[in-house]
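# Topology and contacts: notes
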Amino acid sequence: MSGSLPRPEALIEINRAKFAGEAYDQETYAARLSTSVEQICRKQAQIGVDVINDGEFGKTTRGPIDYGAWSSYAWARLSGWQPGEPGRLPALAGRRDRAIFDEFYRELDATSFISSSSMGGRPPVFVGPIVYIGHQALAADL
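All values derive from a computational prediction rather than experimental measurement. (Residues numbered from 1 in each chain as written. Predicted model: local features only at pLDDT ≥ 70, side-chain atom pairs only at ≥ 80, totals over all residues. Heavy atoms only, no water.)

Turning next to the overall build of the protein. Within the protein, the regular secondary structure consists of six helices and two strands. Shown N-terminal to C-terminal, the secondary structure of the protein runs as helices and strands in the order α-α-α-β-α-α-β-α. Considering the protein as a whole, with its 142 residues, one finds that 29% of them fall into the buried category. A separation of at least 24 residues holds for 69% of the contacts in the protein among residues at least 6 apart in sequence. Working note: accessible area of the protein is about 9200 Å², and carbon and sulfur atoms make up 57% of it. (Helix = DSSP H or I, 4+ residues; strand = E, 2+ residues; numbered from the N terminus. Buried < 20%, exposed > 50% of the residue type's maximum accessible area, 1.4 Å probe, protein only. Contact = heavy atoms within 4.5 Å. Areas by Shrake-Rupley, 256 points an atom, 1.4 Å probe, with all protein chains shown as cover.)

Okay, the pattern of salt bridges next. Tallied over the entire structure, the rule returns four salt bridges. The salt bridge partner of E9 is R16, with a shortest N-O separation of 3.0 Å. What makes E9 partly exposed here is its relative accessible area of 46%. With a closest N to O distance of 3.9 Å, E56 and K59 form a salt bridge. We classify E56 as partly exposed; its relative accessible area is 28%. Residue classification places K59 among the buried positions, given a relative accessible area of 13%. (Salt bridge = Lys/Arg side-chain N within 4 Å of Asp/Glu carboxyl O.)

Turning to the environment of D141, a few remarks are in order. Mapping D141 onto the fold places it in helix α6 (residues 135–141). For D141, a relative accessible area of 37% translates into the label partly exposed. Counting along the chain gives 87 residues from D141 to D54, while the straight-line C-alpha distance between them is 9.3 Å. D141 has contacts with Y73 and R77, leaving out every residue within four places of it along the chain.

Counting residues in each nonpolar core, the largest one holds eight residues, listed as L5, L11, I14, Y29, L33, V37, I40 and F57. Listing elements by their share of this core, those giving two or more residues are α1 (9–20) and α2 (26–46). With four residues, α2 is the largest single contributor of residues to this core. Other than its neighbours up to four places away in sequence, V37 contacts D54 and F57. (Core = buried A, V, L, I, M, F, W, Y, C linked by side-chain atoms within 4.5 Å.)

Bear in mind that shape data such as this cannot, by itself, settle questions of function.
Given below as structure tokens:
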């Protein structure tokens, strides 16, 4: 089974504009996304993947592979988060894996490998109950 797959350049190009907060043509984005998903699903079928998926192409990325893509998806579809303020503990900082693998996360956090750019470059903090608000986006994905 596949998960997040490398994005084609045509999709990355428009994602760069989205990340930068620049204007982009919604219809062009929808067409490129549709074409990209169709191509990756066809490729998965050709190579014998049992459970075909969209490669998570609907998650905005800055390059072919971007492990921070989930944040652009989650922050836009969940309420209860906001950009953190200096000195305030990030929302995910208290996770058990971060405590167990502290050295790894310190090194990772010092890089731009995982981005919180959709939150203005600052890690999010909880400000209320986490509620799913992405129903319209989900309908578009489906």
